[in-house]
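Commentary on secondary and tertiary structure
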Amino acid sequence: MLKALRPLATLVEGAIDRIGGLTAWIALVMIGLVATNVILRYSFSFGSVWAQELEWHLLAALILLGMAHALQRGENVRVDLFYTRYSPRTKRVVDVISALLLITVSLLFIWLSLGYVEQSRSISEASPDPGGIPCAGW
């Protein structure tokens, strides 16, 4: 059974690697955007609400997409003080339980947010700030 799942695992891991590359580009764009906003604000007293809101959207994408890449590579945050002393079997158990909890919490957040997303879509909600990001028209 495990041999049958290996091609699927390879496909998923390849997709996560490509997402990790995309995340690196998002981080680079975000760094450039933040630096530009700071320079414009403090050097020329010019600010853009649209650009500041774009920073938040890029940060959300960076966190959500980067999380999968970090988890795949084992670079997620955990209490290594205890984890390093565990046997390989115990580490696997901790990793599986952590993954299941992460999936459960993620699915709960998605389920609880669907009503808010539908409400936002139904009223074509956009930024309330003047000069903010307009509605995407979905």
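Quick notes on the rules
- Residues numbered from 1 in each chain as written.
- Predicted model: local features only at pLDDT ≥ 70, side-chain atom pairs only at ≥ 80, totals over all residues.
- Heavy atoms only, no water.
- Helix = DSSP H or I, 4+ residues; strand = E, 2+ residues; numbered from the N terminus.
- Rg over C-alpha atoms; globule rule 2.2 N^0.38 Å.
- Buried < 20%, exposed > 50% of the residue type's maximum accessible area, 1.4 Å probe, protein only.
- Contact = heavy atoms within 4.5 Å.
- Areas by Shrake-Rupley, 256 points an atom, 1.4 Å probe, with all protein chains shown as cover.
- Lys, Arg positive; Asp, Glu negative; His and termini not counted.
- Charge placed at Lys NZ, Arg CZ, Asp CG, Glu CD.
- Phe/Tyr/Trp six-rings, centres within 6.5 Å; stacked < 30°, edge-to-face > 60°.
- Core = buried A, V, L, I, M, F, W, Y, C linked by side-chain atoms within 4.5 Å.
- Polar contact = N/O pair within 3.5 Å; in protein donor to acceptor, adjacent residues only side chain to side chain.
- Salt bridge = Lys/Arg side-chain N within 4 Å of Asp/Glu carboxyl O.
- pLDDT = per-residue confidence, 0-100.

Looking now at the overall build of the chain. Summing up its helical and strand segments, the chain has four helices and zero strands in all. When the elements of the chain are put in sequence order from the N terminus, they spell out α-α-α-α. The C-alpha atoms of the chain give 20 Å as radius of gyration, which overshoots the globular expectation for 138 residues (14 Å, by more than 25%). Each principal axis of the C-alpha atoms in the chain carries an extent, and together these give about 55 × 40 × 30 Å. For the chain, buried positions account for 12% of its 138 residues. If you take every contact in the chain between residues at least 6 apart in sequence, the share linking residues at least 24 apart comes to 62%. Element-wise, carbon and sulfur atoms account for 70% of the exposed surface of the chain, whose accessible area totals about 11000 Å². Put simply, the chain has 11 plus and 10 minus side-chain charges, and the middle of one group is 16 Å from the middle of the other.

Here we come to the packing of aromatic side chains. Inspection of every chain in the model, using the stated rule, returns one aromatic pair. For the ring pair Tyr83 and Tyr86, a centre distance of 6.3 Å and an interplane angle of 65 degrees mean the geometry is edge-to-face. Using a relative accessible area of 11% as the deciding quantity, one classes Tyr83 as buried.

This next bit is on the nonpolar core. By size, the foremost hydrophobic cluster in this structure holds five residues: Ile26, Met30, Leu33, Ala51 and Leu58. Top element by residues in this core is helix H1 (residues 2-44). It accounts for three residues. Among residues more than four places away in sequence, those in contact with Ile26 are Leu58, Ala61, Leu62 and Leu65.

This brings us to the side chain of Ser120. On the secondary structure map, Ser120 appears in helix H4 (residues 88-122). A polar contact of 2.8 Å, which involves the side chain of Ser120, links it to the side chain of Glu125.

In this section: unusual backbone geometry. Positive phi values are uncommon outside glycine, yet Ser45 reaches one of about 50 degrees. For Ser45, the position within the fold is in the loop between H1 and helix H2 (49-73). Unlike most non-glycine residues, Ser124 shows phi in positive territory, near 50 degrees. Relative to the helices and strands, Ser124 is located in the segment after H4.

In total, this model carries two salt bridges according to the counting rule given. Close ionic contact of Asp17 with Arg73 constitutes a salt bridge, the shortest N to O distance being 2.7 Å. Of this pair, Asp17 sits in helix H1 while Arg73 is found in helix H2, placing the two residues 56 residues apart along the sequence. Note on Asp17: relative accessible area 34%, which makes it partly exposed. The salt bridge involving Arg121 is made with Glu118; its shortest N-O contact spans 2.7 Å. Residue Arg121 and its partner Glu118 are both found in helix H4; the two are separated by three residues, about one turn of the helix.

Glancing now at the confidence of the model for the chain. Looking at the chain as a whole, its pLDDT mean stands at 85, while 95% of the residues score no less than 70. The lowest-confidence element of the chain is helix H3 (residues 80-83), averaging 78 in pLDDT; the highest-confidence one is H4, averaging 90.

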